[in-house]
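# Survey of secondary and tertiary structure
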Amino acid sequence: MENADKDRLLDAALTHVIFDGWSDATFDAAVEDTGIEPAVAKILFPRAGLDLAVAFHKRGDAEMKDRLKAETLSALRFRDRVATAVRFRIEAIAAHKEAVRRGSALFSLPQNAALGARLIWETSDAIWTALGDASQDYNWYTKRATLAGVYGSTVLFWLGDSSEEHSATWEFLDRRIENVMQIEKVKAQVRENPVASKLLAGPAWLLSKVRPPMGAGMSDLPGAFGAGFRQGGE
């Protein structure tokens, strides 16, 4: 019942957010439209409009994950699988462009910036997890940080894109993915260079001790650096 009420409130809010943003006014209008008791609605969304915006973002993640489960991407190159996942995520919110625009403005405010960054990080983590990433060192972090940058910049480009079927956005996304692939090629070349690899042996050893978060909180930003050293010394 709780999830059903949350969905009803979010659906109702989407009809008001284009006028009032993710605000208390939107929250109040959604409560009135649904007939849900205000006290119950406040329990579901304690921060009113801000929590509605968070729920909208998380709904996009959930729809993307469902679509990735239903699609077969194994025939694609890995870079194309990543690009497809980002495209699925944007298409999940394509019908609510103004809501996304209002959300971007909300999460750019200083008091909400950390929350906005966490949401994008969680989207990036959801993509890598869905694609079967098995990283157990610092690459767990670098992959997600890099993809978060790709996703965030692509969404901002998409918001201003008026091309047919957003073709310019998908071209922009391909260019960003290509940029990332070039960085990976340079990293590989450095590892294969005998001089450079010796110079970087110390930092590489240190980074090899970094571990991703363990357990259910795998999307958390903090890692298990100390645990990594203990595991490495066993």
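None of the values given here were measured: they were computed from a predicted structure. (Residues numbered from 1 in each chain as written. Predicted model: local features only at pLDDT ≥ 70, side-chain atom pairs only at ≥ 80, totals over all residues. Heavy atoms only, no water.)

### Some thoughts on the nonpolar core
Core analysis: the biggest nonpolar cluster contains 48 residues, and Leu9, Trp22 and Phe56 have the highest contact counts within it. At seven residues, the largest contribution of residues to this core is made by helix α5 (residues 49–70). Here Leu9 is in contact with Ala30, Val31, Thr34, Ile36, Ala41, Leu44, Phe45 and Leu52, once residues within four sequence places are set aside. (Core = buried A, V, L, I, M, F, W, Y, C linked by side-chain atoms within 4.5 Å. Buried < 20%, exposed > 50% of the residue type's maximum accessible area, 1.4 Å probe, protein only. Helix = DSSP H or I, 4+ residues; strand = E, 2+ residues; numbered from the N terminus. Contact = heavy atoms within 4.5 Å.)

### Concerning the pattern of salt bridges
Counted according to the given criterion, the structure contains 17 salt bridges. Between Arg47 and Asp51 there is a salt bridge, and its shortest N-O distance comes to 2.7 Å. Accessibility expressed as a relative area gives 10% for Asp51, which makes it buried. Among the salt bridges present, the one from Glu91 reaches Arg87, with a minimum N-O distance of 3.0 Å. Of the two residues, Glu91 and Arg87 are both situated in helix α6 (residues 78–91); the distance of four residues between them amounts to about one turn of the helix. Since its relative accessible area comes to 29%, Glu91 is described here as partly exposed. One salt-bridge network, in which partners are shared between bridges, spans Arg77, Arg79, Asp80 and Glu178. (Salt bridge = Lys/Arg side-chain N within 4 Å of Asp/Glu carboxyl O.)

### Considering a negative patch on the surface
A cluster of like negative charges, contributed by Asp24, Asp28, Glu32 and Asp33, occupies part of the molecular surface. Residue position: Asp33 is located in helix α3 (residues 24–34). The exposure class of Asp33 is partly exposed, given its relative accessible area of 48%. (Patch = residues over 30% accessible without salt bridge, like charges linked within 9 Å, V, L, I, M, F, W, Y side chains within 5 Å. Areas by Shrake-Rupley, 256 points an atom, 1.4 Å probe, with all protein chains shown as cover. Lys, Arg positive; Asp, Glu negative; His and termini not counted. Charge placed at Lys NZ, Arg CZ, Asp CG, Glu CD.)

### Digging into the packing of α5 against helix α7 (residues 97–107)
Interhelical geometry of α5 versus α7 gives an angle of 120° and a closest axis separation of 11 Å. As summarised for this structure, α5 and α7 are arranged oblique, according to the angle between their axes. The element α5 and its partner α7 pack so that their crossing is left-handed. Within the contact between the two elements, α5 uses Leu50, Ala53, Val54 and Phe56 and α7 uses Ala99, Val100, Leu106 and Phe107. Its residues assigned to classes, the contact of α5 with α7 comprises eight nonpolar, no polar and no charged. (Axes fitted to C-alpha atoms, helices over the stretch in contact; angles between N-to-C directions. Parallel < 35°, antiparallel > 145°, perpendicular 65-115°, else oblique. Left-handed = near helix turned anticlockwise from the far one by under 90°. Nonpolar A, V, L, I, M, F, W, Y, C, P; charged D, E, K, R; others polar.)

### Here's the deal with unusual backbone geometry
You will see that Ala48, though not glycine, has its phi angle at about 55°, which is positive. By the secondary structure assignment, Ala48 is in the loop between α4 (38–44) and α5. A residue is classified by how much of its surface remains accessible, and Ala48, at 1% relative accessible area, is buried. Although it is not a glycine, Glu165 sits at a positive phi angle of roughly 55°.

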